[in-house]
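Summary of the model geometry
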Number of protein chains: 2
Amino acid sequence: MAKIVECIPNFSEGTDEAILQALVEAATGVPGVMLLDWSADKSHNRSVFTLAGSPNAVAEAAFCLCKVASERIDLRNHTGEHPRMGATDVIPFVPLREMEVEDCVALSEELAERIWSELSIPVFLYESSARSPQRRNLAAIRKGQFEGMPQKLKQPEWAPDFGDPAPHPSAGVTAVGARMPLIAFNINLDTNRLDIANAIAKSIRGSSGGYSHCKAIGVMLEERGIAQVSMNMVDFEQTPLYRVFEAVRFEAARWGVRILGSEVIGLTPVKALADCAAYYLQLEDFDYSSQVLEQHLD
Amino acid sequence: MAKIVECIPNFSEGTDEAILQALVEAATGVPGVMLLDWSADKSHNRSVFTLAGSPNAVAEAAFCLCKVASERIDLRNHTGEHPRMGATDVIPFVPLREMEVEDCVALSEELAERIWSELSIPVFLYESSARSPQRRNLAAIRKGQFEGMPQKLKQPEWAPDFGDPAPHPSAGVTAVGARMPLIAFNINLDTNRLDIANAIAKSIRGSSGGYSHCKAIGVMLEERGIAQVSMNMVDFEQTPLYRVFEAVRFEAARWGVRILGSEVIGLTPVKALADCAAYYLQLEDFDYSSQVLEQHLD
């Protein structure tokens, strides 16, 4: 079975069709790389590409994209609603098949080194690639944005992980890192009380003392007249879906509220579901890598 | 995503190394076909090959194997514990990716036609490919074995689906068919009473009035001192694993017996597990083909 990595680079350009086309060409120009999706947002003035393929090919495509972005995008003329600090703003790598996050960390470090040495753009390592805890969070790195980077990089605690402590004049600064695939997982409650959904969300999310790899808020589904616990599961191996599902069930019981159902928005790695089956079926000694048939097909 | 079919041909040869080597060469000689596994049993005097790949390539490999078997194996000199009726005894096709059982039925019909027209071996279609209910079961077709086939094929109700009503002199008769992947799924009980496991097995298996696509018996796990419901799930889409798991749970409750755990022996298609997760997480509107990330990677 071949290694497959996903890469979701974000660029500070969402309007200029010629530049977007040049980025698409860069994304599709490397053999072994699939462009799964791309989208551009005019008000954010930002575009997001989703690539997948063999690790070296995807890293090469990410570099080509970064190079095109540095040649075509000038942050000195850039406005948009979304915070940004570079022409290529951020490049996350996600392990999909036969890879661990650690492999993506290595890939991110190689790419970061190359972006500095060949394009003269300073790079921060973030998320699982971060070399200090305060650099895990992208928002903390990006604070001050493009315009604030010349001052920020002079501070010793914000010296880039690769490159000189000064941004590229037009392409700014880029963040590169590794993270687990994110799963958007929502649980619907048989109540119309948003305060209950919010209290449950607070009890399970890492930032309020709950599960470390779960982000959660309460939201109202107005058309159904019910409240929902809306979650981002940022590491389904450390915090599996069944665990927050059962936690929401017992927290909701305090108010006599039951779970109506749940939903996955967009994509999920199939292993996140298989892990839940292994829990509920009480599977003994199940080995995903050797017992799942599909693992044996190229 | 590419179509992938599995094929598990069985041959009436388990001892002669030269013949087994010739079969391995035939199995590996077609581009696009992976030989996932093969094994030979001396007392059964039988070998089993597991191939996977694109449908046409796998059918070609199955034909090449059948041809080699017809040239090298002479049933007139064959003895072994396992019942058999042909040099190539049986060829099942199993849909793995982007295929339905119906696609495998079409594949089995094409191969059956070719085995008769090019090798002069009469062929029965069985399981999902069967053209009458009494031909679904391989054991019913094979009854009488190689030695009984000349008489059997003369009976109008046992005329082959392809070919004349007389076996090939040395290669006998072959069965070709399509079936779903089989999952060996066992549930362990916190009791040492085999009679309870047997009663539960009887309540859930299709042959006793239970779930149509579940075969089940009670067995003792002597080393653990517990009884087990041992199952073959022959169509996990029609009879999902969670359904028999919950049925075993409520049947066992009659004796105050609980489920200790379960086990999958060997391989399972990952969708069988994802279907269980969707049940237990109460997923609303989950679409496996579009929402599972791996479905988008070829």
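For the structure given in this document, a descriptive report is provided here.

Quick notes on the rules
Once a new chain begins, its residue numbering starts again from 1 and follows that chain's sequence as written. Note on labels: chains are lettered from A, ligands numbered from 1, in written order. Per-residue local features of the predicted model are confined to residues with pLDDT of at least 70, and side-chain atom pairs are confined, for both listing and counting, to 80 or more; whole-chain, interface and lining totals are unaffected and use all residues. Note that water and hydrogens are dropped before the side-chain values are worked out from all heavy atoms of the structure. Note on pairing: DSSP must find at least two bridges between two strands before they are called paired. For the purposes of this entry, the term helix denotes a DSSP run of H or I that reaches at least four residues, the term strand denotes a run of E that reaches at least two, and both are numbered from the N terminus. Note on geometry: axes are lines fitted to C-alpha atoms, helical ones only across the stretch in contact, with angles between N-to-C directions running from 0 to 180 degrees. For this analysis, residues touch if any pair of their heavy atoms sits within 4.5 Å. Residues reaching a pLDDT of at least 70 in both copies supply the C-alpha atoms on which the copies are superposed by least squares. Three exposure classes are used, based on accessible area relative to the maximum for each residue type with a 1.4 Å probe and protein chains only: buried under 20%, partly exposed in between, and exposed over 50%. Centres within 6.5 Å make a pair out of two Phe, Tyr or Trp rings, where for Trp the six-membered ring is used; the pair is then stacked when the planes are under 30 degrees apart, edge-to-face when over 60, and tilted otherwise. Here the quantity called buried area is the accessible surface, traced with a 1.4 Å probe, that two parts lose on coming together, added over both. A side-chain nitrogen of Lys or Arg and a carboxyl oxygen of Asp or Glu constitute a salt bridge if their distance falls within 4 Å.

**Regarding the sheet that holds strand β9 (residues 214-221) of chain A**
All names here are of chain A. An order of β9-β10-β8-β11 is seen for the four strands of this open sheet, with the pairing classed as antiparallel. Of all the strands in the sheet, just β9 and β11 (259-265) have a single pairing partner and so form its edges. When the angles between neighbouring strand axes are averaged without regard to direction, this sheet yields 20°. Here β9 pairs with strand β10 (residues 226-233) via eight bridges, running antiparallel. Bridged to Ile-217 within β10 is Ser-230. Along the sheet, helix α6 (residues 194-204) contacts β8 (183-189), β9 and β10; its crossing angle with β9, the most-contacted strand, is approximately 175°.

**A closer look at the relation of the copies chain B and chain A**
Of the transformation placing chain B onto chain A, the axial shift is 0.0 Å and the rotation is 179°, giving an RMSD of 0.1 Å. On the angle and the small slide along the axis, the relation comes out as a two-fold axis. When each C-alpha of chain B is compared by its distance to the rotation axis, B:Ala277 comes out closest, at 2.3 Å. Most of the interface of chain B is mirrored in chain A, where 100% of its interface residues again form contacts.

**Here we look at helix α8 (residues 270-280) of chain A**
The periodicity of an α-helix, 3.6 residues per turn, causes residues three or four places apart in sequence to face the same way. Within α8(A) the residues assigned to the buried category are A:Val270, A:Ala272, A:Leu273, A:Ala274, A:Cys276, A:Ala277 and A:Tyr280. Where the residues of α8(A) are buried, they touch β8, α7 (241-252) and α9 (288-291) of chain A together with α7 (241-252), α8 (270-280) and α9 (288-291) of chain B. Just past α8(A), the residue A:Gln282 takes up positive phi, approximately 55°.

**Side note on the packing of aromatic side chains**
By convention here, two paired aromatic rings are described through the distance between centres and the angle between planes. Residues and elements named next belong to chain B. Inspection of the entire model under this criterion finds 13 aromatic pairs over all chains. With a centroid separation of 6.0 Å and an interplanar angle of 80°, the aromatic rings of Phe-124 and Trp-158 are classed as edge-to-face. Here Trp-158 lies in the loop between α5 (145-154) and β7 (174-178) and Phe-124 lies in strand β6 (residues 123-127), a separation of 34 residues in the sequence. By the burial criterion, Phe-124 is buried, and Trp-158 matches it. Centre to centre, the rings of Tyr-242 and Tyr-279 are 4.0 Å apart; their planes meet at 5°, and the pair counts as stacked. With Tyr-242 in helix α7 and Tyr-279 in helix α8, the pair connects residues that are 37 residues apart, well separated along the chain.

**Quick word on the environment of B:Gly172**
Residues and elements named next belong to chain B. Assignment of secondary structure puts Gly-172 in the loop between α5 and β7. Residues Gly-172 and Gln-134, 38 residues apart in the sequence, show an inter-C-alpha distance of 20 Å. Sequence-distant contacts of Gly-172, that is, excluding residues within four places in its chain, are made with Met-85, Gly-86, Ile-121, Pro-122, Phe-146 and Pro-167.

**Thoughts on the environment of B:Tyr126**
Structurally, B:Tyr126 is set in strand β6. For the pair B:Tyr126 and B:Arg179, spaced 53 residues apart in sequence, the C-alpha to C-alpha distance is 9.0 Å.

**A few points about the interface of chain B and chain A**
Between chain B and chain A, the residue contacts involve 44 residues of the former and 44 residues of the latter. A per-residue breakdown of the area chain B buries against chain A is headed by B:Leu281, B:Glu284 and B:Leu293, which together make up 18% of the total. Scanning the region where chain B abuts chain A turns up two salt bridges. For A:Glu284, the salt bridge is made with B:Arg224, and the minimal N-O distance between the two is 3.0 Å.

**So, the sheet that holds strand β8 (residues 183-189) of chain B**
Residues and elements named next belong to chain B. Strand order in this open sheet of four strands is β9-β10-β8-β11, and the pairing throughout is antiparallel. At either margin of the open sheet sits one strand with a lone partner, and together these are β9 (214-221) and β11 (259-265). Averaged over all pairs of adjacent strands, the angle between their axes in this sheet comes to 20°, without regard to strand direction. Bridge analysis of β8 against strand β10 (residues 226-233) gives six bridges, and the strand direction is antiparallel. Bridged to Asn-186 within β10 is Ser-230. Relative to β9, helix α6 (residues 194-204) is tilted by about 175°, and along the sheet it contacts β8, β9 and β10. Packing against the sheet, α7 makes contact with β8, β9, β10 and β11, and its axis sits at approximately 20° to β8.

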